Amino acid sequence: RPGQRWTMRIATLSGSERIIFLSDRSAIDAADRMRSDFVANASHELRTPLAAILGYVETLQDMNGEADAPMRHRFLSIIEREARRMQQLVIDLLSISRVEADRFRRPTRPVNLAAIVKTTIAQLQDSEAARPKDIVARLGRSAQPILGDEAQLGQLAHNIISNAMKYGRPGTPVTVELAREGQRVRLSVSDEGEGIAPDHLPRLTERFYRVDEARSRSVGGTGLGLAIVKHISERHQGQLDIESELGKGTKVSVTFPLAADG
Ligand code: ADP
């Protein structure tokens, strides 16, 4: 391939026997590039709210107590919002690095996906961030287990359902379903939001990829949610599918293999 680079190492076994190791440098270079792009993106994402916080703090200090109460209140609310944005970003960055570190450790514990999804829905309905929107849950009665990590599966469900709540149209329901398909179980989350244009679909699970950056920021998104979902799904041998129709809505689903003897 053009631009491909190889590194060669030769080891002598005995006498005339040699082993030649060839490693594809271009693959290593690509991984290095991805890592440094990630660090650059993460730094940029942290720098933006940090600059806003420092700007508003300095303005308040310069005003030397002359800012009236409504102005102080407005500035403090902005500082709080930006600090929370940084906090969420740090939480998501830690999650993604933990999930990546666990990548090759297959989960061995049988867990009840329906119970995990139920708890996640209850948490989302309680959270302040939840908009007044119905979550219609059809989780069935089957407690057929999958092999999984309870905390990570909760996070996967949280990220997908909270996206449907964030990007759904106000007042329309979000539907969460669990359905058995042969030896697999499908978790699907549908919303009636504005949908996603087809050319964006393949890139949604890239870190920091957003269709509409301003929209994502205004609903408190970090651009890492679906990247985390993809990693968790892969660790559980899941298959992630995103279907969407502009103007109609989006359906995100993950199918997991059921624990053996199901
Ligand atoms: P974010 O934190 O920005 O929500 P995600 O990784 O969870 O990041 O999602 C990436 C992007 O995919 C979002 O910024 C949004 O543009 C789009 N997206 C995700 N879920 C939906 C959905 N249910 N409806 C419309 N767009 C969505």
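Just above, that's the structure.
Residues numbered from 1 in each chain as written. Predicted model: local features only at pLDDT ≥ 70, side-chain atom pairs only at ≥ 80, totals over all residues. Heavy atoms only, no water.

Visitor: Got a minute to help me understand the environment of I116 in this structure?
Guide: With respect to the helices and strands, the residue I116 is situated in helix α3 (residues 113-126). I116 has contacts with V111, E150, L153 and G154, leaving out every residue within four places of it along the chain. (Helix = DSSP H or I, 4+ residues; strand = E, 2+ residues; numbered from the N terminus. Contact = heavy atoms within 4.5 Å.)

Visitor: Is there a simple way to think about the pattern of salt bridges in this case?
Guide: Two side chains bearing opposite charge may form a pair once their charged atoms approach each other closely. For the structure on display, the rule yields 20 salt bridges. Its salt-bridge partner being R25, residue D29 comes within 2.9 Å of it at the nearest N-O pair. Taken together, the residues span about one helical turn, with D29 and R25 both in helix α1 (residues 25-62) at a distance of four residues. Assessed through its relative accessible area of 18%, D29 is described here as buried. Ionic pairing is found between D102 and R105, a salt bridge with its closest N-O pair at 2.8 Å. (Salt bridge = Lys/Arg side-chain N within 4 Å of Asp/Glu carboxyl O. Buried < 20%, exposed > 50% of the residue type's maximum accessible area, 1.4 Å probe, protein only.)

Visitor: Help me understand the side chain of R235 in this model?
Guide: Examined against the element boundaries, R235 turns out to sit in helix α6 (residues 225-235). Residue classification places R235 among the buried positions, given a relative accessible area of 6%. Setting aside its immediate chain neighbours within four residues, R235 contacts D102, R103, R105, R106, P107, D149 and Q152.

Visitor: Help me understand the packing of α3 against helix α4 (residues 150-167) in this model?
Guide: Two quantities define a packed helix pair, namely the angle between the helix axes and the distance between the axes. Between α3 and α4, the least distance of the axes is 9 Å, while the angle of their chain directions is 50°. Between α3 and α4, the angle falls in the class oblique. Judged by the twist between their axes, the crossing of α3 over α4 is right-handed. Contacts between α3 and α4 pair L113, I116, V117, T120, I121 and L124 from the former with E150, L153, G154, A157, H158, I161, S162 and M165 from the latter. Each residue belonging to the contact of α3 with α4 can be placed in one class, and the counts come to nine nonpolar, four polar and one charged. (Axes fitted to C-alpha atoms, helices over the stretch in contact; angles between N-to-C directions. Parallel < 35°, antiparallel > 145°, perpendicular 65-115°, else oblique. Left-handed = near helix turned anticlockwise from the far one by under 90°. Nonpolar A, V, L, I, M, F, W, Y, C, P; charged D, E, K, R; others polar.)

Visitor: Looking at this model, I keep getting lost on the nonpolar core. Mind explaining?
Guide: As a rule of thumb, soluble globular proteins bury nonpolar side chains together. By size, the foremost hydrophobic cluster in this structure holds 45 residues, and its most contacted members are L113, V117, I146, L156, I161, V176 and F256. When residues in this core are grouped by element, the largest group, seven residues, is from α4. Contacts of V117, omitting those with residues within four sequence positions, involve L139, A157, V176 and L187. Among the nonpolar cores identified, the runner-up in size contains six residues, and I53, L60, A67 and I79 belong to it. (Core = buried A, V, L, I, M, F, W, Y, C linked by side-chain atoms within 4.5 Å.)

Visitor: How do you make sense of the pairing of strand β2 (residues 17-24) when you look at a structure like this?
Guide: For a regular strand, side-chain orientation follows a simple rule: the groups alternate between the two sheet faces. As paired strands, strand β1 (residues 6-14) and β2 are joined by eight bridges and run antiparallel to one another. Bridge pairing in β2 places T12 opposite R18. Hairpin geometry of β1 and β2 is characterised by an intervening segment of two residues between the two adjacent antiparallel strands and by a positive phi of about 50° at G15. (Pairing = 2+ DSSP bridges.)

Visitor: Whenever I open this one, the packing of α4 against α6 confuses me. Can you help?
Guide: Two elements in contact, α4 and α6, have axes separated by 9 Å at closest approach and are oriented at 140°. Taken as axis vectors, α4 and α6 run oblique relative to one another. Crossing hand, α4 versus α6: left-handed. Listed contacts from α6 to Q152, L153, Q155, L156, N159, I160 and N163 of α4 are G225, L226, I228, V229, I232, S233 and R235. Among the residues forming the contact of α4 with α6, the class breakdown is seven nonpolar, six polar and one charged.

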